[in-house]
Amino acid sequence: MRRVFSRSARIYDAVYSSIRDYPREAAELDRLIQERRPGARTLLDVACGTGAHLEHLMGYEVEGLDLDPEMLAVARARLPNVPFHEGDMASFDLGKRFDAVVCMFSSIGYVKTEYRLHSAIASMARHLAPGGLLVVEPWLTPEAWVDGHVSGAFVDEPELKIARMGLPQREGTVSVLDLEYLVATPDGVERFSERHELGLFTVEQCLEAFRAAGLEADHDPEGPMGRGLYIATA
Ligand SMILES: C[S@@+](CC[C@H](N)C(=O)[O-])C[C@H]1O[C@@H](n2cnc3c(N)ncnc32)[C@H](O)[C@@H]1O
């Protein structure tokens, strides 16, 4: 299992807080969970990253899981009283169940293969309490993939400048994002690269992974940022 965010974990929030509206998304998750599983109290965020959603879901008894120790270090600093677990979403076993399990911001794409997609959805399903809700925000479908897209993200703060650029490529059913970072702080200018590989799964492949895990999922084609959202009840 490849950990891809280790170099960029400490600047993750600076890059993505302008792209994602974490407070609004967390409020929407809360609304969805309470609508479908009234009284839900416990919540697990799978591939929780830096804990940016969890920060706004503290009305629940929350826990987080991520593959990357550097991302977890940021999450632990942000939320010192929250239990965080290092593990692979395709094979984790926390030995407990939750009223809600969420997996946001296309993290599921990192499983890369359909085989591991099934393992990941099954692992999440095994952590659902009876009547619990599983919410998964997918990566792009093969049909939504656009060749030749130029990717760029820029941060311009007084003591932090970031340029992150890439030319995403498609290799069969996998999207490959080779990202180049240039990061300037008062300590100096650093340059590094990251390779992200995410599987491109069809809606039918995803729905089948839920079915195989014993869950019937609803598919909202929009979701928080146009990539869709799967919502399933145990
Ligand atoms: C795009 S980030 C999303 C983080 C967070 N959910 C958010 O919304 O900001 C993807 C996250 O998936 C994690 N990840 C990638 N592969 C994983 C795996 N196999 N198991 C658990 N986490 C994984 C990465 O370490 C990273 O934190």
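Model, not experiment: these values are computed from the prediction. (Residues numbered from 1 in each chain as written. Predicted model: local features only at pLDDT ≥ 70, side-chain atom pairs only at ≥ 80, totals over all residues. Heavy atoms only, no water.)

Enquirer: What is the right way to read the pairing of strand E9 (residues 174-185) from this model?
Expert: Looking down a regular strand, the side chains alternate between one sheet face and the other. Summarising the sheet, strand E7 (residues 160-166) and E9 pair through six bridges and their orientation is antiparallel. Counted as the bridge partner of Ile162 is Val183 from E9. Bridging between strand E8 (residues 169-171) and E9 involves three bridges; their strand directions are antiparallel. Pairing of Glu171 across the sheet is with Val174, part of E9. Between E8 and E9, which pair antiparallel and follow one another directly, the connecting turn spans two residues, one of which, Gly172, has a positive phi of 65°. Where E9 lies against strand E10 (residues 188-199), twelve bridges are found, and the strand directions are antiparallel. (Pairing = 2+ DSSP bridges. Helix = DSSP H or I, 4+ residues; strand = E, 2+ residues; numbered from the N terminus.)

Enquirer: How should I be thinking about the sheet that holds strand E4 (residues 98-103) in this particular structure?
Expert: Strand pairing within a sheet occurs via backbone hydrogen bonds; the two strands may be parallel or antiparallel. Here we have seven strands laid out as an open sheet, ordered E3-E2-E1-E4-E5-E12-E11, and mixed in their pairing. The sheet is open, and its two edges are formed by strand E3 (84-86) and strand E11 (216-220), each paired on a single side. Taken pair by pair, the neighbouring strands of this sheet meet at an average axis angle of 20°, ignoring direction. In this structure, E4 lies alongside strand E5 (residues 128-136), joined through five bridges in parallel fashion. Pairing of Phe98 across the sheet is with Leu128, part of E5. Packed on one face of the sheet, helix H3 (residues 69-78) meets strand E2 (61-66) and E3 and runs near 175° to E3. The sheet strands contacting helix H4 (residues 114-126) are strand E1 (42-46), E4 and E5, and the helix crosses E5 at an angle near 140°. (Axes fitted to C-alpha atoms, helices over the stretch in contact; angles between N-to-C directions. Contact = heavy atoms within 4.5 Å.)

Enquirer: Looking at this model, I keep getting lost on unusual backbone geometry. Mind explaining?
Expert: The phi torsion of most residues other than glycine is negative, and most of the peptide bonds are trans. Phi is positive for Phe105, which is not a glycine, with a value near 55°. Within the secondary structure, Phe105 sits in the loop between E4 and H4.

Enquirer: Could you clarify how one ought to interpret the packing of H4 against helix H5 (residues 203-212) in this entry?
Expert: Describing two packed helices takes the angle between their axes plus the distance from one axis to the other. Relative orientation of the contacting elements H4 and H5 amounts to 45°, with a least axis distance of 8 Å. With respect to each other, H4 and H5 are oriented oblique. With respect to the hand of their crossing, H4 and H5 are arranged in right-handed fashion. On H5, the residues touching Glu114, Leu117, His118 and Ile121 of H4 are Gln205, Cys206, Glu208, Ala209, Phe210 and Ala212. Each residue belonging to the contact of H4 with H5 can be placed in one class, and the counts come to six nonpolar, two polar and two charged. (Parallel < 35°, antiparallel > 145°, perpendicular 65-115°, else oblique. Left-handed = near helix turned anticlockwise from the far one by under 90°. Nonpolar A, V, L, I, M, F, W, Y, C, P; charged D, E, K, R; others polar.)

Enquirer: Honestly, the pattern of salt bridges in this entry has me stumped. Any pointers?
Expert: Where side chains of opposite charge bring their charged atoms close, a pairing between them can arise. Tallied over the full model, the rule gives 23 salt bridges. A salt bridge links Asp99 to Arg37, with the nearest nitrogen and oxygen atoms 3.2 Å apart. In this pair, Asp99 is assigned in strand E4 and Arg37 in the loop between helix H2 (22-36) and E1, connecting sequence segments 62 residues apart. For Asp99, a relative accessible area of 9% corresponds to the buried category. (Salt bridge = Lys/Arg side-chain N within 4 Å of Asp/Glu carboxyl O. Buried < 20%, exposed > 50% of the residue type's maximum accessible area, 1.4 Å probe, protein only.)

Enquirer: Can you help me understand the site of the ligand in this one?
Expert: Contacts to the ligand come from 20 residues, most closely from Tyr12, Tyr22, Ala47, Asp66 and Asp88. The contact in question runs from a nitrogen atom of the ligand to an N or O atom on the backbone of Ala47, over 2.7 Å. Side-chain polar atom of Asp88 to a nitrogen atom of the ligand: 2.8 Å apart, as the coordinates give it. Compared with its free state, where it exposes 590 Å², the ligand has 97% of that area covered by protein. (Near = heavy atom within 4 Å. Polar contact = N/O pair within 3.5 Å; in protein donor to acceptor, adjacent residues only side chain to side chain. Areas by Shrake-Rupley, 256 points an atom, 1.4 Å probe, with all protein chains shown as cover.)

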